[in-house]
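# Analysis of the macromolecular model
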Amino acid sequence: MNARRLLGWGLLALCTACSGAKQAVREPSELGTGGSGVSAREQSMASEELDSRRYVHQAMGFELIQPGGDWQLDETDEQTPEGLAIPVVLRHRTSGAQVVLQVAPAVATPAQFAERLTLGLRSQPGFVTSEPEPLPMSDSAVGFHFSVGDNVRGRVVVRDGSAGHVFMMLATWPATAPDEVPQTVNALFESVRPLPIAPEQV
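Residues numbered from 1 in each chain as written. Predicted model: local features only at pLDDT ≥ 70, side-chain atom pairs only at ≥ 80, totals over all residues. Heavy atoms only, no water.

### Details of the overall build of the protein
When you go through the protein residue by residue, the secondary structure sums to four helices and eleven strands. Taking all 202 residues of the protein together, the buried fraction comes to 45%. (Helix = DSSP H or I, 4+ residues; strand = E, 2+ residues; numbered from the N terminus. Buried < 20%, exposed > 50% of the residue type's maximum accessible area, 1.4 Å probe, protein only.)

### A closer look at the sheet that holds strand β2 (residues 62-65)
One open sheet accounts for three strands, arranged β1-β2-β11; its pairing is antiparallel. The open sheet terminates on both sides in strands that have one partner only, identified here as β1 (54-57) and β11 (193-194). Here β2 pairs with β11 via two bridges, running antiparallel. Following the sheet pairing, E63 is matched in β11 by R193. Here helix α4 (residues 180-191) sits on the sheet in contact with β2 and β11, set at roughly 150° to β2. (Pairing = 2+ DSSP bridges. Contact = heavy atoms within 4.5 Å. Axes fitted to C-alpha atoms, helices over the stretch in contact; angles between N-to-C directions.)

### Remarks on the packing of aromatic side chains
Evaluated as defined, the whole model comprises three aromatic pairs. Between F62 and F167 the ring centres are 5.9 Å apart and the planes differ by 75°, which places this aromatic pair in the edge-to-face class. Pair noted here: F62 is in strand β2 and F167 is in strand β10 (residues 165-174), with a separation of 105 residues, a long-range link. Across the pair, F167 and F62 agree in class, each one buried. Among the aromatic residues, those joined into a ring-pair cluster are Y55, F62 and F167. (Phe/Tyr/Trp six-rings, centres within 6.5 Å; stacked < 30°, edge-to-face > 60°.)

### Focus on the side chain of T94
On the secondary structure map, T94 appears in the loop between β4 (85-92) and β5 (98-105). The exposure class of T94 is buried, given its relative accessible area of 8%.

### Some points on the pairing of β5
Within β5, eight of the eight residues are buried, which leaves the element mostly enclosed by the surrounding structure. Summarising the sheet, β4 and β5 pair through five bridges and their orientation is antiparallel. Bridging across to β5, A85 finds its partner in V103. Across eight bridges, β5 lies against β10 in antiparallel orientation. Paired with Q102 across the two strands is M168, which belongs to β10.

### Some points on the pairing of β2
Sheet topology note: the β1/β2 ladder contains four bridges and is antiparallel. Across the sheet, residue V56 finds its bridge partner in β2, namely E63. Between β1 and β2, which follow one another and run antiparallel, lie four residues, and G61 among them has a positive phi close to 70°.

### Some points on the pattern of salt bridges
Overall, the coordinates contain four salt bridges when judged by the stated rule. As a salt-bridge pair, D74 and R91 come within 2.6 Å of each other at their nearest N and O atoms. Pair noted here: D74 is in strand β3 (residues 71-79) and R91 is in strand β4, with a separation of 17 residues, a long-range link. We classify R91 as partly exposed; its relative accessible area is 35%. (Salt bridge = Lys/Arg side-chain N within 4 Å of Asp/Glu carboxyl O.)

Structural data, given as structure tokens:
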């Protein structure tokens, strides 16, 4: 398996996401805030609501928490000849933000994937990236931010996936998007986890 070809597909998906993020931004809907006191019933309702937004993909071995609201999850189950799967894409209808989750064979470590993606993006016209840095979401998670000119902002996170796989998460949003959009992207990235290994698989 050629890691360079896999990274090429990662860059292709990322650049495609960037073009989608250049849509005009509409006014976001108002989000209500709760009171300072939280009752047991409210905690139970919040837990049930969280469970209802939990998305599990058994075949690719991951779970995530859907943001809800104006965010839409589309299952694609695309598989490239190189072995890179794009099981889901999440889009924010209001801002045009987009998150692409890719599952790649573990032909390189998350840090190596992130470093190569950074170099690849820097070779593209208009792209500026930060340095990859470790993230607390897992022992191997690495991420970086990037921008495309004055119009697009984005983030990439690469982490260990299910056995023999690496999760690559690519997000883009318009520079004019409200702060809640990158905050939601970060929460979404942190919610992506490999499924627990069943006892019979140990």
